Amino acid sequence: MDEQVIQKTILSGIQPTGQLTIGNYIGAMKNFVRLQNDYETLYMVVDLHALTVPQDPKELRHKTLSVIAQYISVGLDPEKNNLFIQSHVTGHTELTWILGCLTGLGDLNRMTQFKDKSSKPGANINAGLYTYPILMASDILLYNADFVPVGEDQKQHVELTRDIAMKFNYRYSDTFTIPEPIIPKSGARIMDLQNPLAKMSKSDSGESGRLALIDEPSVIAKKIKSAVTDSGSEIKFSEDEEKAGIRNLLTIYSNLTELSIADIELKYKSRGYGDFKKDLADIVVEKLSPIKLKHDDLMKNKDYLESVLKSGAESAQKKAWKMLGKVYRKIGLVQAAR
Ligand code: AMP
Ligand code: TRP
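Residues numbered from 1 in each chain as written. Chains lettered and ligands numbered in written order. Predicted model: local features only at pLDDT ≥ 70, side-chain atom pairs only at ≥ 80, totals over all residues. Heavy atoms only, no water.

Regarding the domain arrangement of the protein chain
- Looking at the protein chain, the domain boundaries give domain 1 (9-182 + 301-331) and domain 2 (207-297).
- Each of domain 1 and domain 2 was reduced to a C-alpha centroid, and the two centroids are 30 Å apart.
- Facing 15 residues of domain 1, the contacting portion of domain 2 comprises 17 residues.
- Between domain 1 and domain 2, roughly 1400 Å² of surface is buried when both sides are summed, and carbon and sulfur atoms account for 65% of that area.
- Three residues, Gln19, Ile22 and Ser73, lead the burial of domain 1 against domain 2; their summed loss comes to 38% of the area buried on that side.
- One can count one salt bridge joining domain 1 with domain 2.
- Here Lys30 makes a salt bridge to Glu258, at a shortest N to O gap of 3.2 Å.
- Across the contact surface, domain 1 and domain 2 share seven residue pairs in polar contact (both at pLDDT 80 or more). (Domains from an automatic or database assignment. Contact = heavy atoms within 4.5 Å. Buried area = accessible area lost by both parts, 1.4 Å probe. Salt bridge = Lys/Arg side-chain N within 4 Å of Asp/Glu carboxyl O. Polar contact = N/O pair within 3.5 Å; in protein donor to acceptor, adjacent residues only side chain to side chain.)

What about empty space enclosed by the protein?
- Tallied over the entire structure, the rule returns one cavity of 30 Å³ or more.
- In this structure, the largest cavity encloses a volume near 40 Å³.
- Contributing elements (two or more residues each) for the lining of the largest cavity: helix 6 (112-119) and helix 7 (127-141).
- Across the lining of the largest cavity, the residue classes break down as four nonpolar, two polar and one charged. (1 Å grid on protein atoms, 1.4 Å probe; cavity = no way out; pocket = protein on both sides within 12 Å on 5 of 7 lines; lining within 4 Å. Points joined across faces, edges and corners; volume = space filled by probe spheres on them. Helix = DSSP H or I, 4+ residues; strand = E, 2+ residues; numbered from the N terminus. Nonpolar A, V, L, I, M, F, W, Y, C, P; charged D, E, K, R; others polar.)

Okay, here's the thing in structure tokens:
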């Protein structure tokens, strides 16, 4: 008799809060693509998370579709992956309430992303920003995800998710899979080109500090050329703080070419930053141009995007209802008569 192979589940999400950056790609999406053939995969656009900071409704709609188009453009096959929008599936916010009743304030107070965001001058500190990690835990646990590919900055949120899942399982018996993060060894934290001591962010970095997946080639070349380095000239990877700029550029180079840092250092042994940056610009343009072209094309074909989203949400919704029903039963909610 054939043994039935049960595929493990991968799940991740990206917020539609700006144009996706090369940090999103190297830190998270590259792994999304790599994992799509061997696992059951669910990749969302987390529009509800985006509401934790003020959004222009029209722009939010556009950016949400654009992220889906970029998922497909970087190589996620809609036939193989569940691509969907978080708000299209009922269950994420319902589970958030239940898990919120199990989450200590102390745990939420420890979250560095909340501390960073709420300590910014003029920050809009709303309850959503505070409970954001519980919504993320619900995203993950609702589908019993085994693995969660993310960049370094999301590690703490996945750890909180594990704690919440264990707490639930302990109190109500085994229900949730305890998820593990998948974080790349290199490139888990791509830095701002203008301030290489800060993370490259689609919403916080200035225009010249971030490389968007859908930037024009001439813009990419200009941004790389003006990236902050230091007064040295040697192309060398160093953990020194003052070398953060060149270290970041080397990390991007290595991740896009799959060459090791040592090989790149050797290649530029007696050459300067100027040569190196010029080549890096060519490499980034070569990688991103087809993504931009495909994205722009897909954005003209909204019917197609909608059909992808419809089938993604339908299949995610089936899984979500099943899990939510199980959770409701376990915690003692009376089943509704149908
Ligand atoms: P966000 O842009 O916050 O929605 O993040 C989406 C995914 O990209 C998450 O897995 C992040 O950890 C990852 N990510 C965001 N910015 C970076 C960055 N600068 N370097 C590496 N990964 C990143
Ligand atoms: N909080 C994540 C970020 O900002 C996005 C996210 C929401 C997510 N839900 C998720 C990532 C579930 C992984 C799994 O990057």
